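Next come the chains, spelled out residue by residue.
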Amino acid sequence: MPGLEDLYREIILDHYRSPRNRGELPTPPAHKSEGFNPLCGDEVVLYLVVEGDKVVDVKIGGQGCSISQASTSMMSAAVKGKTLAEARQLISAFKALMSIHESKLEGESDGADLQAELDGVALGDLEALQGVVKFPVRIKCATLAWNTLQQGLDEVSVPS
Amino acid sequence: MSLDVAKIKLDFPILERKVHDKRLVYLDSASSSEKPTAVLDAMDHLYRTSYANVHRGVYTIADESTQAYEAARAKVARFIKARQTEEIVFVRNATEAINLVAYTWGRTNLHEGDVVVLSEMEHHANIVPWLMLAEERGIVLRWIPLTADFRLDLTSIGELLRGAKLLAITAMSNVLGTINDIGPLARAAHAAGALVLVDASQAAPHLSIDVQDWDADFVAITAHKMLGPSGIGALWARRELLEAMPPFLGGGEMIRDVRKDGFTTNDVPWKFEAGTPAIAEAIGFGAAVEYLEALGMDDVRSHEVELTRYTLDALDDRLGEKITIYGPRDVAVRGGAISFLFEGIHAHDISQVLDEDAVCVRAGHHCAKPLMRVLGVPATTRASFYVYNDQADADALVEALAKAEKFFAP
């Protein structure tokens, strides 16, 4: 049986208690995107400043459980300074960490595709969130920030 | 306590199981209750001995099934003091009961600009059907606000009801636990020319209810919160209303005659029961209300008052500074649903840590988002009691919460 320590690793609680990059940014130049989990009321607000192909600044806001807010904090730290391509790679790697098979039907994968997504991507603190996989109900808490990031990147990538 | 809870616990097989090697402490009955052996046996017995479709076959077991199904209707009618058994329409749940009223009575009687009065403590089931009519045909919704102690603020009730066609209101809040005094409200609504729909999903399991005393026109109840199975509930309505309402779903059973160019409807309540109904579930529902009657609804209520008082006091003593309770403190005007915010710990994290100790509580918005917005909270934790809960369960809750506090302490 997975224990609470698997879910609530110290680094997660640290990000929850002291979220990184919390705040707001003027829009424009920042782009604001919001993610909601209507089932539990978790909310993620994300400000992205993209210059050229680089995420030069990130601020986060919102409210929710420790997993959703810690994941948001970790995400903000992870994508700041990354190129758009690197940020997208992080999204894929994080979803692979959550055992989310993007391109295959359930049960079809042998895990090799997930490993491929993870290879060569430095997840750092984010790996602490892997324990969430043992608590399937909470996976959506961890992925909310990343879905919001994906949405934000898609929106800033659309030529205006 | 007025109920012999130790004995009652033995009637609920699920309470024997362990979760994470711990005794199951089920504190989510406001969401859905557990089921006693009497209910399980009634359903099992039907399937093993008499099961056939109802109202169709001439053969012996078809007749037995029909008799048992209709007997269940009579039991439910008696439980809520309906004058006539035919005033009980079996539906899937309270949500369907309210939707049935919105679709049939509502679409016949509500037009652009007509007013429906709700309260801010309604469950989505008693909000969204009316919002749908607002979108579809421009009916207007008015909301009874709340007081600082989480009760209905009736200071402007006369104004709110003026010209209204319907008052649709809960008898007990699933979030706050607040019990609303339906009788005076219904009389005020009738005086203003409005009909009254009561969402009794939470009240029926916990209070002795009397639809005549309430002076209601429509009452929605659901079996799964009152020891019965899921998939069955009831709409009670005054017979003349049911007779005047157009049918809801079309199909078998609800008709008297069908020709290529039209149909005539069956008598009430069957006019509203198209298709093969949830037969075993209805019979389980009947067994559930019999079980509750045997306990005695007055004793069910006094047990809950005592347990709620005990728990509120225990929460205050142990965690008073950490916990904000959303609901009246006066146990005389509230049921056993206790919603709270734990300082610095999100409801989902609370619920997760409590699960370690097999303590089952609900976390979230409880299908009452407009209320959560009024309260200014995104989510609460809710513990709720029923006949099989005792002080040991309340103690387990408090202990587990103290553990959660320790776990998340900076």
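What this report covers is the structure whose coordinates are included nearby. Bear in mind the structure is a predicted one, so any value in this text is a computation, not a measurement. (Residues numbered from 1 in each chain as written. Chains lettered and ligands numbered in written order. Predicted model: local features only at pLDDT ≥ 70, side-chain atom pairs only at ≥ 80, totals over all residues. Heavy atoms only, no water.)

Re the interface of chain A and chain B
Link 1 in the chain: Tallying the contact residues gives 21 residues for chain A and 17 residues for chain B.
Link 2 in the chain: For the pairing of chain A and chain B, the buried interface totals around 1,500 Å² over both sides, and the portion due to carbon and sulfur atoms is 57%.
Link 3 in the chain: Between chain A and chain B we count one salt bridge in total.
Link 4 in the chain: Of the charged contacts in the structure, one is a salt bridge between R138(A) and D349(B), with a shortest N-O distance of 2.9 Å.
Link 5 in the chain: Between chain A and chain B we count six residue pairs in polar contact (both at pLDDT 80 or more) in total.
Link 6 in the chain: Contributions of two or more residues to the side of chain A that touches chain B are made by α1 (4-7), α2 (10-17) and α3 (66-79) of chain A. (Contact = heavy atoms within 4.5 Å. Buried area = accessible area lost by both parts, 1.4 Å probe. Salt bridge = Lys/Arg side-chain N within 4 Å of Asp/Glu carboxyl O. Polar contact = N/O pair within 3.5 Å; in protein donor to acceptor, adjacent residues only side chain to side chain. Helix = DSSP H or I, 4+ residues; strand = E, 2+ residues; numbered from the N terminus.)

Examining helix α11 (residues 279-295) of chain B
Note on helix geometry: an α-helix contains 3.6 residues per turn, so any two residues three or four positions apart are oriented the same way.
Residues and elements named next belong to chain B.
Link 1 in the chain: Here α11 is 17 residues long and its end C-alpha atoms lie 25 Å apart, about the 24 Å a rise of 1.5 Å per residue gives.
Link 2 in the chain: Within α11, 13 of the 17 residues are buried, which leaves it mostly tucked inside the rest of the structure.
Link 3 in the chain: Within two residues after α11, G296 carries a phi angle of roughly 95 degrees, on the positive side. (Expected span 1.5 Å × (residues − 1). Buried < 20%, exposed > 50% of the residue type's maximum accessible area, 1.4 Å probe, protein only.)

Focus: the sheet that holds strand β17 (residues 380-384) of chain B
Each strand in a sheet pairs with its neighbour through backbone hydrogen bonds, running either in the same direction (parallel) or in the opposite one (antiparallel).
Residue and element names in this part refer to chain B.
Link 1 in the chain: The sheet built from four strands is open, its strands ordered β13-β14-β17-β16 with antiparallel pairing. Taken across any chain shown, the strands that pair with only one partner, and hence form the sheet edges, are β13 (323-326) and β16 (362-364). Sheet twist, expressed as the average angle between the axes of neighbouring strands with direction ignored, equals 30 degrees.
Link 2 in the chain: Bridging between strand β14 (residues 337-342) and β17 involves four bridges; their strand directions are antiparallel. (Pairing = 2+ DSSP bridges. Axes fitted to C-alpha atoms, helices over the stretch in contact; angles between N-to-C directions.)

Points about the nonpolar core
Link 1 in the chain: Counting 86 residues, the largest nonpolar core has W214(B), F285(B) and V387(B) as the members making the most contacts within it.
Link 2 in the chain: Among the domains, domain 1 (5-30 + 296-408) and domain 2 (40-294) of chain B are the pair contributing at least three residues each to this core.
Link 3 in the chain: Setting aside residues up to four positions removed in sequence, F285(B) forms contacts with V76(B), F90(B), I221(B), A223(B), M226(B), P229(B), I232(B), G233(B) and A234(B).
Link 4 in the chain: Formed by 69 residues, the second largest nonpolar core is a distinct cluster that contains M75(A), L129(A), C141(A) and A142(A). (Core = buried A, V, L, I, M, F, W, Y, C linked by side-chain atoms within 4.5 Å. Domains from an automatic or database assignment.)

Comments concerning the pattern of salt bridges
Residues and elements named next belong to chain B.
Link 1 in the chain: If you walk through the whole model with that rule in mind, you get 32 salt bridges over all chains.
Link 2 in the chain: Here R238 and E240 are joined by a salt bridge, their closest N and O atoms 2.5 Å apart.
Link 3 in the chain: You can call E240 partly exposed: its relative accessible area is 45%.
Link 4 in the chain: Salt bridges linked by common partners bring K9, R23 and D393 together as one network.

Here we look at the packing of aromatic side chains
Residues and elements named next belong to chain B.
Link 1 in the chain: Under the criterion given, the structure shown has 13 aromatic pairs over all chains.
Link 2 in the chain: For the ring pair Y103 and F248, a centre distance of 5.8 Å and an interplane angle of 50 degrees mean the geometry is tilted. Here Y103 is found in helix α4 (residues 94-109), whereas its partner F248 is found in the loop between α10 (239-244) and β11 (255-259), with 145 residues between them in sequence.
Link 3 in the chain: We classify Y103 as partly exposed; its relative accessible area is 35%.
Link 4 in the chain: Using a relative accessible area of 23% as the deciding quantity, one classes F248 as partly exposed.
Link 5 in the chain: Ring geometry for Y386 against Y388: centres 5.9 Å apart, planes inclined by 75 degrees, an arrangement best described as edge-to-face.
Link 6 in the chain: One aromatic cluster in this structure is built from F12, Y291, Y386 and Y388.
Link 7 in the chain: Directly above the aromatic system of Y103 lies the positively charged group of R107, at a separation of 4.1 Å from the ring centroid. (Phe/Tyr/Trp six-rings, centres within 6.5 Å; stacked < 30°, edge-to-face > 60°. Lys NZ or Arg CZ within 6 Å of the ring centre and 35° of its normal.)

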